[in-house]
Structures are given as structure tokens and as C-alpha cells.
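# Structural overview
Given next are the chains, with one letter for each unit.
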Amino acid sequence: VNLDFATIDRPLRTLAITSSLPGEGKSTTTANLAVIFARSGRRVILVDADLRRPTLHTFFRRSNERGLTSALLQQAADPVESYLVETGVQNLLLLPSGPLPPNPAELLGSHRMAELVAALKGHADLVIFDSPPVLAVADTLVLTQVCVFFLMIRRPPRSTLFPYTTLFRSLQQAGARLLG
């Protein structure tokens, strides 16, 4: 995949995919990219970190009863693997969002999230996050604490580039490396 060339100095272990606004095809692109990486032989964990409008579980026809929020709220009694679900695609596991929390940004920016991502990286070659649109909520910006590389989805045509330049600046100020 061409993303490997963009990350030559630092291996691609985590990737968050976002957009500036809702409805730009971010989740569909994220799911398809995860399938491509998995089919190339990488062990991939796909995380639905859109804790406001999760959709990845529907793509793979899986339950959303347990997932990311459940794993974050557990007290280390259950191993992280117990929250991962098969997708039907070889080498691809899904961590659905789980129950929707009242405070998504706080959960995603927590120390527990950093621990969880470290555990996920121990079970996969690549962890891909479907994150909420940047301009809609602040949730994505807190993911820069656990994910260095970001990919922005843009649905053309748009009459103005304003949302995208704002998105780029927001991610850059938060310390993210935008791959494209």
C-alpha cells in the first residue's frame, strides 16, 4: 500500500482516518482500507472510535453491545482480545464502539485509552481508527495522543476548501502527521 512509502522513517502502526464534516464517506473508506491491509497479509485491528455515530459494526454485521467503551471501562479483568470480534476477513479483527458514552472525548483522551492502544498494538501489525469528523466534535484531536498518522477523507466537489484547511491546521496543531 502506498501509505508505507509516506511512513518510511516511522513504521505505520496506528492510523486514524477522519474527515472535516459528517457524510464524506470516512467510515466506508476506513473499512475498505482495513480490508486491503488485511488482505495484503498484515494483522489489522479496526477500531470504531466514532463514539457518537458508530457504523463499522454494521458493515461487518456484528453486534455493538461490547467494544471500545466496554474495554475502557473494564478494570483489567478481561483481556483486550475478549472485546475483538471476527469480521469474516482473514487477518482483520474489529473493536466496535460499544455502548455510546456521555463523554466521548474524555474516554478517548484518557490514560486508559493509551494503555488499550498499546495492548492492541501487541496483537496487530496495524491498528486503524475510524474517528469522528474533526470540525463536528473535538474527539478526533484527542486521538493524536495515541495515533501519529492521520488520513483525511474529502468528498469532492466542495465549493470551498475552508473546512479542509481548518482541519489540516487543527490536526497539525495537535501534533498529528497528515498523510493525505
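Now for a look at the structure at hand. (Residues numbered from 1 in each chain as written. Predicted model: local features only at pLDDT ≥ 70, side-chain atom pairs only at ≥ 80, totals over all residues. Heavy atoms only, no water.)

### What to know about the pairing of strand S5 (residues 126–130)
Counted only if it meets this: Exposure is judged per residue with a 1.4 Å probe applied to protein chains only, and the accessible area is read against the type maximum: over 50% gives exposed, under 20% gives buried, and values in between give partly exposed. Strands here mean DSSP runs of E at least two residues long; helices mean DSSP runs of H or I at least four residues long; both are numbered from the N terminus. Pairing between strands requires that DSSP locate at least two bridges from one strand to the other.
Counting buried residues in S5 gives 5 out of 5 residues, a clear majority hidden from the surface. With burial as the criterion, each face of S5 is covered, one bearing Leu126, Ile128 and Asp130 and the other bearing Val127 and Phe129. Of the pairings in the sheet, the one linking strand S1 (residues 14–19) to S5 comprises 4 bridges and is parallel in character. Of the residues in S5, the one forming a bridge with leucine 15 is isoleucine 128. Pairing of strand S2 (residues 44–48) with S5 involves 5 bridges; the strand directions are parallel. Bridging from a neighbouring strand, valine 44 pairs with leucine 126 of S5.

### Looking at the nonpolar core
The line we're drawing: Residues enter a nonpolar core if they are buried and are Ala, Val, Leu, Ile, Met, Phe, Trp, Tyr or Cys, with the set joined through side-chain atoms within 4.5 Å. Should any heavy atoms of two residues lie within 4.5 Å, those residues are considered in contact.
Counting 25 residues, the largest nonpolar core has Leu68, Leu120 and Phe129 as its most contacted members. Only S2, helix H4 (68–73), helix H5 (104–108), helix H6 (111–121) and S5 provide two or more residues apiece to this core. When residues in this core are grouped by element, the largest group, 4 residues, is from H6. The residues touching phenylalanine 129, leaving out its near neighbours within four places in the chain, are Thr14, Leu15, Ala16, Ile17, Thr30, Val47, Ala49, Met113, Val117 and Cys147. Counting residues in each nonpolar core, the second largest holds 20 residues, with Leu15, Leu56, Val89 and Leu126 among its members.

### A few points about the side chain of aspartate 50
What counts here: Pairs of N or O atoms are called polar contacts if they sit within 3.5 Å, as long as, within protein, a hydrogen donor faces a hydrogen acceptor (for residues adjacent in sequence, only side-chain-to-side-chain pairs).
Structurally, the position occupied by aspartate 50 is in the loop between S2 and helix H3 (56–59). Residue aspartate 50 is classed as buried on the basis of its relative accessible area, which comes to 5%. At 3.1 Å, the side chain of aspartate 50 forms a polar contact with the backbone nitrogen of arginine 53. Apart from the residues within four sequence positions on either side, aspartate 50 is in contact with Lys26, Ser97, Asp130, Ser131, Pro132 and Pro133.

### Side note on unusual backbone geometry
A positive phi angle, near 55 degrees, is found at arginine 61, a position not held by glycine. Note that arginine 61 resides in the loop between H3 and H4. At asparagine 91, a residue that is not glycine, the phi angle is positive and equals roughly 75 degrees. Along the chain, the position of asparagine 91 falls in the loop between strand S3 (85–86) and strand S4 (92–95).

### Some thoughts on the pattern of salt bridges
We apply this condition: By convention in these notes, a salt bridge is any Lys or Arg side-chain nitrogen within 4 Å of a carboxyl oxygen on Asp or Glu.
Inspection of every chain in the model, using the stated rule, returns 4 salt bridges. Arginine 112 serves as the salt-bridge partner of glutamate 115, at 3.5 Å between the closest nitrogen and oxygen. Residue glutamate 115 and its partner arginine 112 are located together in helix H6, separated by 3 residues, close to a single helical turn. For glutamate 115, a relative accessible area of 38% gives the class partly exposed. For arginine 112, a relative accessible area of 23% gives the class partly exposed. A cluster of three or more residues bridged by salt bridges with shared partners is formed by Lys26, Asp50 and Asp130.

### Quick word on the pairing of S4
Where S2 and S4 come together, 4 bridges link them in parallel fashion. What sits directly across from valine 47, in S4, is leucine 95. Of the strand pairs in this sheet, S3 and S4 are connected by 2 bridges, and their pairing is antiparallel. Bridging from a neighbouring strand, glutamate 86 pairs with leucine 93 of S4. Hairpin connection of S3 to S4: 5 residues between the antiparallel strands, including glycine 88 at a positive phi of 95 degrees.

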